[in-house]
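One-letter residues, chain by chain:
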Amino acid sequence: MLGKGFNKVAFGAVAGVLLMAAAACGGSSSGGGTTASDEPAAGGASSSSAPLKVGLAFDVGGRGDKSFNDAAYAGLEKAKAELGADIKELSPAADGSNRGDLLRQLADAGYNPIIGVGFAYDADIKATAAEYPDIQFAVIDSASSGPNVTGLLFAEEQGSYLAGVAAAAKSKSGHVGFVGGVENALIKKFEAGFDAGVKSVKPDAKIDVSYLTPDGDFSGFSAPDKGKIAAEKMYQDGADIVYHAAGDSGLGVFQAAAAAGKKAIGVDSDQRQTITETNLQNVIMTSMLKRVDVGVFEFIKAFQGGAKGGQNDTYDLKVDGVGLATTGGEIDDIKDQLDKAKQGIVDGTITVPTTPES
């Protein structure tokens, strides 16, 4: 079961839009996909004669983070290539204080639909969508908040469970780690899934956990120095694999892994492909793929087809909305074990928690 998903995620996607996005902005995974909903993903009726103008507002870190933002940009780029979209992307201030201004700037410039990248846009999307009822909006990692807003949600805990299975199966010390960018409910889904996956293989495994900033302080997603310090401590204490869900801060985790001669697991994009430094590529044994590119592209495609908002679309393992990258071949030898875990999640015999045990 996972083998099929692997090929779709790690090869079909990477060979397609990833390379195009990489050339443009530093890269990210991408490709086709299906939403979990049987109904159109989102959008608003678009005149057949009107040009498709799509606006996207990045999360902190902006384009070039080689992770979450770049995954969203890959979907935008695919819409440009395959749907003929006129695209525009904007990045917020370092503290994210002007998110609402970015959305209004795009709306005033005639972009429709408009996408906010990340849960931090939730309140601003809600307010802006009310001010511009004729424009369709989407927000990644937050639920719909109005008739012209679509929530693009992901089963991060499911993909993280597979990352945990891989970490436990490949760990020689039985000691692994997790670095989260911001200690909030969303990133705790990554931690919860990873923890459950590890313990499904090695119940007595030691799992170190560190968050870079508290809830509300989004700088944890753009602080590689903090990521490096957190991971260094874990490696020094005996961990041999560290999984991060920390955006651009993951670069520091990879640097710590390279210095310690240990391994790491990337997130959102196939980071063995998006990270350019060879010594850092080699420490990334796999990445938990969160198909933000698919969500963005499918939303735009549905808008172009006349679909409406006011709903949520969830991307999970059933539709390969999350998964693991196989670049480098380091988890090929545990494919059967990962296949079994994926099948259990898909058929419901394995229930993955969304909050950590403690």
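What counts and how
- Residues numbered from 1 in each chain as written.
- Predicted model: local features only at pLDDT ≥ 70, side-chain atom pairs only at ≥ 80, totals over all residues.
- Heavy atoms only, no water.
- Axes fitted to C-alpha atoms, helices over the stretch in contact; angles between N-to-C directions.
- Helix = DSSP H or I, 4+ residues; strand = E, 2+ residues; numbered from the N terminus.
- Parallel < 35°, antiparallel > 145°, perpendicular 65-115°, else oblique.
- Left-handed = near helix turned anticlockwise from the far one by under 90°.
- Contact = heavy atoms within 4.5 Å.
- Nonpolar A, V, L, I, M, F, W, Y, C, P; charged D, E, K, R; others polar.
- Polar contact = N/O pair within 3.5 Å; in protein donor to acceptor, adjacent residues only side chain to side chain.
- Salt bridge = Lys/Arg side-chain N within 4 Å of Asp/Glu carboxyl O.
- Buried < 20%, exposed > 50% of the residue type's maximum accessible area, 1.4 Å probe, protein only.

Visitor: Would you mind going over the packing of helix H7 (residues 224-236) against helix H8 (residues 250-260) in detail, with residue names and values included?
Guide: Orientation of H7 relative to H8, taken along the N-to-C sense of each, is 40°, at an axis distance of 6 Å. Regarding the angle of H7 to H8, the classification is oblique. Viewed along their axes, H7 and H8 form a crossing whose handedness is right-handed. Together, Pro224, Gly227, Lys228, Ala231, Glu232 and Tyr235 of H7 and Leu251, Gly252, Val253, Gln255, Ala256, Ala257 and Ala260 of H8 make up the contact between the two elements. For the contact of H7 with H8, the class distribution of residues is eight nonpolar, three polar and two charged.

Visitor: Go over the side chain of lysine 189, please, and point to the residues and values.
Guide: Along the chain, lysine 189 turns up in helix H6 (residues 185-201). There is a polar contact of 3.1 Å between the side chain of lysine 189 and the backbone oxygen of phenylalanine 154. Contact partners of lysine 189, with chain neighbours within four places excluded, come to Phe154, Glu156, Glu157 and Thr354.

Visitor: Outline the pattern of salt bridges, supporting the account with residue identities and numerical values.
Guide: Applying the stated criterion to the full structure yields 17 salt bridges. With a closest N to O distance of 3.1 Å, arginine 291 and aspartate 293 form a salt bridge. With relative accessibility at 0%, the residue arginine 291 sits in the buried group. What makes aspartate 293 buried here is its relative accessible area of 1%. Through salt bridges that share partners, Asp141, Glu156, Glu157, Lys189 and Lys290 make up one connected network.

Visitor: Got a sec to walk through the packing of helix H5 (residues 156-170) against H6? Specific residues and values, please.
Guide: H6 packs onto H5 with a crossing angle of 40° between their chain directions and a minimal axis gap of 6 Å. Taken as axis vectors, H5 and H6 run oblique relative to one another. As for how H5 packs across H6, the hand of that crossing is right-handed. Facing H5, whose interface residues are Glu156, Glu157, Ser160, Tyr161, Ala163, Gly164, Val165, Ala167, Ala168 and Ala169, H6 presents Leu186, Lys189, Phe190, Gly193, Phe194, Ala196, Gly197, Val198, Ser200 and Val201. Grouping the amino acids of the contact of H5 with H6 by side-chain chemistry returns 12 nonpolar, five polar and three charged.

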